[in-house]
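Structural features, examined
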Amino acid sequence: MSEKKSETIQLPVNYSGKIDNSNQKPFVRTFMLDTEKKLPMVVVCPGGGYEHLSERESEPVAKKMNALGYHAMVLSYSLAPMEFPAAMCDLAEAVALVRRNADEWNVDENRIIVCGFSAGGHLAASLGCYWRSGIIQDLLPYSPEETRPNFLILCYPVITSDINFCHEDSIRNVLGKNNLDVREFVSIEEHIDESFPPSFIWHTTADESVPMENSFRLVSALRLSGIPFEYHLFERGCHGLSLATAKTAKADGSCQEKECSVWPELFRNWFEGRPENKA
């Protein structure tokens with residue numbers, strides 16, 4: 001399948017005036033396949049500590065998802081300074097956008113996957129946790145089902161706000177300066193219930209920025225709640241690996257790890273092997 005020309009679509013920011021997002025203008029960039037068959041859509045949320053968006057976790061990941069046979073888009077979401085839950089509302093807007101255009105874009109609206117890296121993983125997990133909580137519905141004109149992610153890919157995600165293991169800058173940035181007293185609210189492992197989407201999760205024990213305890217605490221909570229998941233914990237690999245290949249390496253050649261570079265194929269095997277995805 002060939003790729004269509006990439007498009008940039010500004011999100012409507014329906015919550016404007018209700019919470020402070022510092023007049024930021026979130027948008028998505030599409031990477032669609034030219035097909036008449038309805039395919040899954042992967043919404044990519046790059047990392048960057050809610051301070052910036054990693055280019056290494058953006059277009060290269062979307063292109064890889066295209067190569068696996070999926071539509072993709074990259075979300076440019078609100079960054080610090082902002083007020084919670086601005087970034088989560090941006091992601092909810094993106095998911096709703098996909099559902100509204102599912103027929104025109106040939107997207108299977110029952111297979112919308114949100115893929116997040118580091119702080120972007122926290123964002124993805126936040127929507128997975130709160131899509132039906134009422135928080136989003138109080139701010140956006142969508143039903144819970146319109147903003148629900150069907151599956152998650154969480155790559156070395158920020159999860160906990162526990163001071164012993166958290167990525168402190170991410171937690172502070174996502175909350176905003178006026179919400180620092182409610183940091184437990186963004187400790188995702190504390191709020192898992194049966195509505196959390198099936199998830200593919202990977203991390204490394206060598207991660208120096210976001211300790212593996214973040215993902216380990218999440219999978220423990222998922223197991224207790226009976227949520228389907230697959231978890232890969234690799235021994236080697238620094239934080240911010242992205243695809244862990246030469247294509248997404250840093251300028252100095254770091255962030256390559258052969259054993260971790262198989263994660264997209266591992267995800268595809270898990271995802272396509274699930275009963276609801278078998279033809």
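Heads up: the structure comes first, above all this text.
The present account deals with the structure reproduced in this document. In this text the structure is predicted, and so the values were computed from the model without any measurement.

Its location among the elements puts leucine 233 in strand β8 (residues 229-234). The class of leucine 233 is partly exposed, set by a relative accessible area of 36%. Between the C-alpha atom of leucine 233 and that of tryptophan 202, which follows or precedes it by 31 residues, the distance is 5.7 Å.

Reading across from one edge, β1-β2-β4-β3-β5-β6-β7-β8 is the order of the eight strands in this open sheet, with mixed pairing throughout. The sheet terminates laterally at β1 (8-10) and β8, the two strands that pair on one side only. Neighbour-to-neighbour, the strand axes of this sheet turn through a mean angle of 20 degrees, independent of strand direction. Across six bridges, strand β3 (residues 39-45) lies against strand β5 (residues 107-117) in parallel orientation. Residue pairing for β5: valine 42 is matched across the bridge by isoleucine 113. Across the sheet, helix α2 (residues 86-100) is in contact with β1, β2 (27-31), β3, β4 (71-76) and β5; its angle to β5 comes to roughly 155 degrees. Relative to the sheet, helix α6 (residues 213-225) contacts β6 (151-155), β7 (199-204) and β8, its axis offset from that of β7 by approximately 150 degrees.

This paragraph deals with empty space enclosed by the protein. It is the rolling of a water-molecule-sized probe over the atoms that shows where space remains empty. Applying the stated criterion across every chain yields a total of one cavity of 30 Å³ or more. Considering only enclosed or pocket space, the largest cavity measures out at about 40 Å³ in volume. Lining of the largest cavity is provided by Tyr50, Phe84, Pro85, Ala86, Ala87, Met88, His122, Leu123, Ser126 and Val174. Residues of the lining of the largest cavity, tallied by class, amount to eight nonpolar, two polar and no charged.

Another aspect to go through is the packing of aromatic side chains. To describe a pair of aromatic rings, you give the distance between the ring centres and the angle between the ring planes. Scanning the entire structure with this criterion turns up 16 aromatic pairs. Between the aromatic rings of phenylalanine 151 and phenylalanine 271, the centroid separation amounts to 5.0 Å while the plane-to-plane angle is 90 degrees, which identifies the pairing as edge-to-face. Of this pair, phenylalanine 151 sits in strand β6 while phenylalanine 271 sits in helix α7 (residues 263-273), and the two are 120 residues apart along the sequence. Phenylalanine 271 carries the same exposure label as phenylalanine 151, and that label is buried.

Following the sequence through the fold, serine 161 ends up in the loop between β6 and α5 (168-175). Discounting chain neighbours no more than four positions away, the residues touching serine 161 are Cys166, Ile171, Arg183, Glu184 and Ser187.

So, how was this worked out
Residues numbered from 1 in each chain as written. Predicted model: local features only at pLDDT ≥ 70, side-chain atom pairs only at ≥ 80, totals over all residues. Heavy atoms only, no water. Helix = DSSP H or I, 4+ residues; strand = E, 2+ residues; numbered from the N terminus. Buried < 20%, exposed > 50% of the residue type's maximum accessible area, 1.4 Å probe, protein only. Pairing = 2+ DSSP bridges. Axes fitted to C-alpha atoms, helices over the stretch in contact; angles between N-to-C directions. Contact = heavy atoms within 4.5 Å. 1 Å grid on protein atoms, 1.4 Å probe; cavity = no way out; pocket = protein on both sides within 12 Å on 5 of 7 lines; lining within 4 Å. Points joined across faces, edges and corners; volume = space filled by probe spheres on them. Nonpolar A, V, L, I, M, F, W, Y, C, P; charged D, E, K, R; others polar. Phe/Tyr/Trp six-rings, centres within 6.5 Å; stacked < 30°, edge-to-face > 60°.

Distances and angles like these do not, on their own, reveal function.
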